[in-house]
Amino acid sequence: MKRPIAAARRLIAPSALALLTACASAFPSAPVPAGLRPMSVTDARSWAATTEPSSRTQLQMHWTFYDQAGDGGRTAGRGGLRLSLPDSLRLDYRGPLGFGIGAAAVVGDTALWAQPQDQFQKLVPNYPLFWAMLGIARPPSAGWSVAGYQDPRSTAWRYARGADTIDYVVATTTKSRVFEAYIRQGGKAIGRVTTVFDLTGTPLRSRLQVLGSPARLDITFTKVTHPATFDADIWNAPHDQ
């Protein structure tokens with residue numbers, strides 16, 4: 001969806017402003033980047049690195065999962081995330097009354113282990129979407145073409161490889177910062193993520209919409225801390241699951 005470079009500012013502004021206006025709601029809809037200009041993979045990797053936390057981060061959260069394709073059921077629970085730089089993460093979650101317990105360790109775009117595997121895949125259909133729920137952009141790999149745009153209020157990137165695309169949009173208002181991701185594989189929409197931060201960079205809430213299923217995962221972050229260290233055992237799979 002390419003437009004003339006000369007129209008970049010005129011075309012990107014309505015998308016960014018539409019996002020900013022929608023911030024009055026809990027989860028604004030993701031705009032599609034327009035008017036982007038060709039950029040290098042190195043440029044995109046440098047930008048993606050700026051979305052990573054600057055230190056170890058531990059987050060506590062409430063989550064709600066809506067299975068809109070199956071029985072329309074709703075499941076809620078609590079969980080925790082431990083993020084170690086640059087791209088290692090431990091996820092723990094449990095459902096009501098301790099049911100639906102699960103955990104996973106992820107490095108980049110790979111799960112070292114996940115228990116139970118099928119439940120984790122249901123919650124995480126795509127790794128860039130998973131990282132986007134933390135407001136973190138994955139860098140493009142070699143072979144992807146990259147386009148981008150930036151002004152003082154908004155940033156937009158698109159990675160493309162054939163019919164696969166990853167769109168990122170970040171917009172800042174006077175009250176919050178909104179991070180958006182929208183992913184297609186083989187030309188088919190896979191999912192959309194909207195993550196909202198306060199102006200200090202603390203994540204407040206995130207929504208993953210799985211567009212193929214469809215399903216939805218809502219997260220509210222309840223506490224964010226920055227421990228000096230993590231126990232090395234968190235990267236090992238539990239022996240009793």
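Residues numbered from 1 in each chain as written. Predicted model: local features only at pLDDT ≥ 70, side-chain atom pairs only at ≥ 80, totals over all residues. Heavy atoms only, no water.

### Remarks on the environment of Gln58
Right, on to step 1. Structurally, Gln58 is set in strand β2 (residues 57-67).
Right, on to step 2. Separated by 32 residues in the primary sequence, Gln58 and Arg90 place their C-alpha atoms 9.5 Å from one another.
Right, on to step 3. Beyond its immediate sequence surroundings of up to four residues, Gln58 is in contact with Leu81, Arg82, Lys223, Val224, Thr225, Pro227 and Phe230. (Helix = DSSP H or I, 4+ residues; strand = E, 2+ residues; numbered from the N terminus. Contact = heavy atoms within 4.5 Å.)

### Details of the packing of aromatic side chains
Right, on to step 1. Considering all chains together, one arrives at seven aromatic pairs under this definition.
Right, on to step 2. Arranged with centres 6.4 Å apart and planes meeting at 90 degrees, the rings of Trp63 and Tyr93 form a pair that is edge-to-face. With Trp63 in strand β2 and Tyr93 in strand β4 (residues 88-94), this pair connects stretches of sequence that are 30 residues apart.
Right, on to step 3. Exposure remark for Trp63: the relative accessible area of 9% places this residue in the buried category.
Right, on to step 4. Ring plane angle 70 degrees and centroid distance 5.6 Å describe the contact between Tyr159 and Tyr168, whose orientation is recorded as edge-to-face. Across this residue pair, the class does not change: Tyr159 and Tyr168 are buried.
Right, on to step 5. Here the aromatic residues Trp47, Trp157, Tyr159, Tyr168 and Phe179 are joined through ring pairs into a cluster of three or more.
Right, on to step 6. Sitting above the plane of the Phe197 ring, Arg177 keeps its charged end 4.3 Å from the centroid.
Right, on to step 7. When the ring centre of Tyr66 is taken as origin, the NZ or CZ atom of Arg216, which lies over that ring, is 4.2 Å away. (Phe/Tyr/Trp six-rings, centres within 6.5 Å; stacked < 30°, edge-to-face > 60°. Buried < 20%, exposed > 50% of the residue type's maximum accessible area, 1.4 Å probe, protein only. Lys NZ or Arg CZ within 6 Å of the ring centre and 35° of its normal.)

### Comments concerning the confidence of the model for the protein chain
Regions with low pLDDT should not have their predicted coordinates read in detail.
Right, on to step 1. Residue-level pLDDT values for the protein chain average 84, and 82% of them are 70 or greater.
Right, on to step 2. In the model, residues 1-24 has pLDDT below 50 throughout and makes 35 contacts with residues more than four positions away in sequence or in other chains. (pLDDT = per-residue confidence, 0-100.)

### Focus: unusual backbone geometry
Right, on to step 1. The step from Leu85 to Pro86 runs through a cis peptide bond, and the omega angle for that step is 0 degrees.
Right, on to step 2. With respect to the helices and strands, Pro86 occurs in the loop between β3 (74-84) and β4.
Right, on to step 3. Following Gln115, the chain continues into Pro116 via a peptide bond in cis, with omega recorded as -10 degrees.

### Looking at helix α2 (residues 41-50)
Right, on to step 1. All of the buried residues along α2 are Ala44, Trp47 and Ala48. With its buried residues spanning 100 degrees around the axis, α2 presents them on a single face. Those residues of α2 that are exposed and angled more than 90 degrees off the buried face are Thr42 and Thr50.
Right, on to step 2. In the core, the buried residues of α2 are packed alongside β7 (145-150), β8 (154-161), β9 (164-172) and β10 (177-185). (Arc of directions from axis to C-beta.)

### Details of the pairing of β8
Right, on to step 1. Within β8, seven of the eight residues are buried, which leaves the element mostly enclosed by the surrounding structure.
Right, on to step 2. Sheet analysis places β7 next to β8, joined by six bridges and oriented antiparallel. Considered in β8, the bridge of Gly148 is made with Trp157.
Right, on to step 3. Here β7 folds back onto β8, and the loop between the two strands holds three residues.
Right, on to step 4. Alignment of β8 against β9, held across eight bridges, turns out to be antiparallel. Looking at β9, one finds that Arg158 is bridged to Asp167.
Right, on to step 5. Between the antiparallel neighbours β8 and β9 lie two residues, among them Gly162 with a positive phi of about 65 degrees. (Pairing = 2+ DSSP bridges.)

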